[in-house]
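# What the coordinates show
If you want the building blocks of each chain, they are given just below.
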Amino acid sequence: MGFDTVVAAIMVTAIIVAVAYTFLAGSTTIAEYSIENYKEAVQMAVKKLRSDMNILNVSYDNSTNTITAYFKNTGDEKYPDFSEFDAILYGKTDTGEMVAFYLNSTSYTIVKELINPGIFDPCEVAKLDSSLTQPLANGSYVLLVCTPNAVCDRFDFSIP
């Protein structure tokens, strides 16, 4: 066995070790990212499971074109503000026309404050007021209110 064979064997061994280290380091990084993403997904799922709400009542005022709804936080999640809540109104008029509105000009207020002023805590009731740009025709409608965790509740009502 000559000197060149020994040098070649050492070089091949060093290359194999370097490639194995690179593969191992890359696998560790991928595993760390996967674990972090899995943790985030689990936390979001737990938040969603802990969230729930129930729309208690919806009314529509023809003279002011406003919708008023009361809903209760029946889950375990607390909401510091209502900025990420969504309200959607859709339905069908008596003439057969399908309508859908995303309620942009909506104000939320907590009407039954139990603890933590300004925070929508479990078992508290909030009020939604929304002004519509056009009056609603007679028909059947649905108000859909969704939390930031994408937990929604709907309430069917009709305008005679």
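To be clear, the structure that these remarks concern was listed above.
Because the structure is predicted, anything quoted here is derived from the model rather than measured. (Residues numbered from 1 in each chain as written. Predicted model: local features only at pLDDT ≥ 70, side-chain atom pairs only at ≥ 80, totals over all residues. Heavy atoms only, no water.)

## Quick word on the side chain of Glu 77
Relative to the helices and strands, Glu 77 resides in the loop between strand 2 (66–73) and strand 3 (86–93). Look at Glu 77 and you get buried, because its relative accessible area is 10%. Here Glu 77 is in contact with Lys 47, Arg 50, Ser 51, Phe 120, Pro 122 and Asn 149, once residues within four sequence places are set aside. (Helix = DSSP H or I, 4+ residues; strand = E, 2+ residues; numbered from the N terminus. Buried < 20%, exposed > 50% of the residue type's maximum accessible area, 1.4 Å probe, protein only. Contact = heavy atoms within 4.5 Å.)

## Remarks on the side chain of Asp 121
Here Asp 121 is to be found in the loop between strand 5 (106–112) and strand 6 (125–131). The buried charged residue Asp 121 lacks any salt bridge partner; its closest oppositely charged side chain belongs to Lys 78, at an N-O distance of 4.2 Å. Aside from chain neighbours lying at most four places away, what touches Asp 121 is Asn 73, Lys 78, Ile 115 and Asn 116. (Lys, Arg positive; Asp, Glu negative; His and termini not counted. Salt bridge = Lys/Arg side-chain N within 4 Å of Asp/Glu carboxyl O.)

## Here's the deal with the sheet that holds strand 6
Pairing is antiparallel across the open sheet formed by 4 strands, whose spatial order is 1-2-6-5. Whereas interior strands pair on both sides, the edge strands pair on one side only; in this sheet they are strand 1 (53–61) and strand 5. Direction aside, neighbouring strands of the sheet carry axes that sit 20° apart on average. Bridge count between strand 2 and strand 6: 7 bridges; the pairing is antiparallel. Opposite Tyr 70, over in strand 6, you have Lys 127 as the bridge partner. (Pairing = 2+ DSSP bridges. Axes fitted to C-alpha atoms, helices over the stretch in contact; angles between N-to-C directions.)

## Section: the packing of aromatic side chains
Applying the stated rule across the entire model yields 12 aromatic pairs. On the basis of an interplanar angle of 45° and a centroid distance of 5.2 Å, the ring pair of Phe 82 and Phe 120 is categorised as tilted. Of this pair, Phe 82 sits in the loop between strand 2 and strand 3 while Phe 120 sits in the loop between strand 5 and strand 6, and the two are 38 residues apart along the sequence. You can call Phe 82 buried: its relative accessible area is 14%. On the numbers, 6.4 Å between centres and 65° between planes, the contact of Phe 85 with Phe 120 is edge-to-face. Taken as a pair, Phe 85 in the loop between strand 2 and strand 3 and Phe 120 in the loop between strand 5 and strand 6 lie far apart in primary sequence, 35 residues in all. (Phe/Tyr/Trp six-rings, centres within 6.5 Å; stacked < 30°, edge-to-face > 60°.)

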